[in-house]
Amino acid sequence: MSTSMTTPGVAGWIQFNGPEPAAAQAFYAKVMGWEIAELPMQDGSSHPAIMVGDAPIGGFSAETASAASWDIYITVPDVDKSFATAIELGATAVVPPMDMPGIGRTAKIIDPQGAAIRLITYESMQA
């Protein structure tokens, strides 16, 4: 059974962030068997995307942080509502809800146990 990246509760996207994304792409392509393709963005740029079949499931971004990390984006029906609920329940705000043109709305929290996670509502889900 497959689920769409816009299904609430699924990991809708995974994102590598680190100082050497090209090296990470080469490493994970060999380890995971991932195909990496340039995904066109709304502003005319492109983003290296992890492809599984014909669908992108994640990507790679350059970050200046000395330690690389992965972000997991969990799909929620309403980022603002889920973010507010998380804060009420003891999460720490890292990135408040914000729009990502051509993609959707996202936020990042650290849960009460200390784990970072991103929330996302894709544009196609917004009324």
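Everything that follows concerns the structure shown earlier in this document.
Keep in mind that this is a model prediction, so the values were computed, not measured.

J.: What exactly am I supposed to notice about the pattern of salt bridges here?
T.: Proximity of charged atoms lets side chains of opposite charge pair with each other. Considering all chains together, one arrives at four salt bridges under this definition. Between Asp71 and Lys108 there is a salt bridge, with its nearest N and O atoms 3.2 Å apart. Within this pair, whereas Asp71 is found in strand S5 (residues 69-75), its partner Lys108 is found in strand S7 (residues 104-110), the two being separated by 37 residues in sequence. Residue Asp71 is classed as buried on the basis of its relative accessible area of 8%. For Arg105, the salt bridge is made with Asp99, and the minimal N-O distance between the two is 3.0 Å. The network of salt bridges with common partners includes Asp71, Lys108 and Arg118.

J.: Got a minute to help me understand a nonpolar patch on the surface in this structure?
T.: Taken together, the side chains of Phe27, Val31 and Met32 present a nonpolar region at the surface, about 310 Å² in accessible area. Mapped onto the secondary structure, Met32 falls in helix H1 (residues 21-32). Overall, Met32 belongs to the partly exposed group, its relative accessible area being 47%.

J.: Honestly, the pairing of strand S6 (residues 92-100) in this entry has me stumped. Any pointers?
T.: Successive side chains on a regular strand alternate, one facing one side of the sheet and the next facing the other. Bridge count for S6 against S7 is six bridges, and the pairing is antiparallel. Counterpart to Ala93 in the pairing with S7 is Ile109.

J.: Please explain helix H2 (residues 79-88) as it appears in this structure.
T.: Side chains three or four residues apart in an α-helix point the same way, a direct result of the helix having 3.6 residues per turn. Along H2, the residues that are buried comprise Val79, Phe83 and Ala86. Along the long axis of H2, the arc covered by the buried residues comes to 65°, so they all point the same way. For H2, exposure combined with an orientation more than 90 degrees from the buried face picks out Lys81 and Glu88. With a side-chain oxygen lying 3.0 Å from the backbone nitrogen of Asp80, the N-terminal cap of H2 falls on Asp78. Immediately downstream of H2, the backbone of Gly90 shows phi near 105°, a positive value.

Parameters at a glance
Residues numbered from 1 in each chain as written. Predicted model: local features only at pLDDT ≥ 70, side-chain atom pairs only at ≥ 80, totals over all residues. Heavy atoms only, no water. Salt bridge = Lys/Arg side-chain N within 4 Å of Asp/Glu carboxyl O. Helix = DSSP H or I, 4+ residues; strand = E, 2+ residues; numbered from the N terminus. Buried < 20%, exposed > 50% of the residue type's maximum accessible area, 1.4 Å probe, protein only. Patch = residues over 30% accessible without salt bridge, like charges linked within 9 Å, V, L, I, M, F, W, Y side chains within 5 Å. Areas by Shrake-Rupley, 256 points an atom, 1.4 Å probe, with all protein chains shown as cover. Pairing = 2+ DSSP bridges. Arc of directions from axis to C-beta. Polar contact = N/O pair within 3.5 Å; in protein donor to acceptor, adjacent residues only side chain to side chain.

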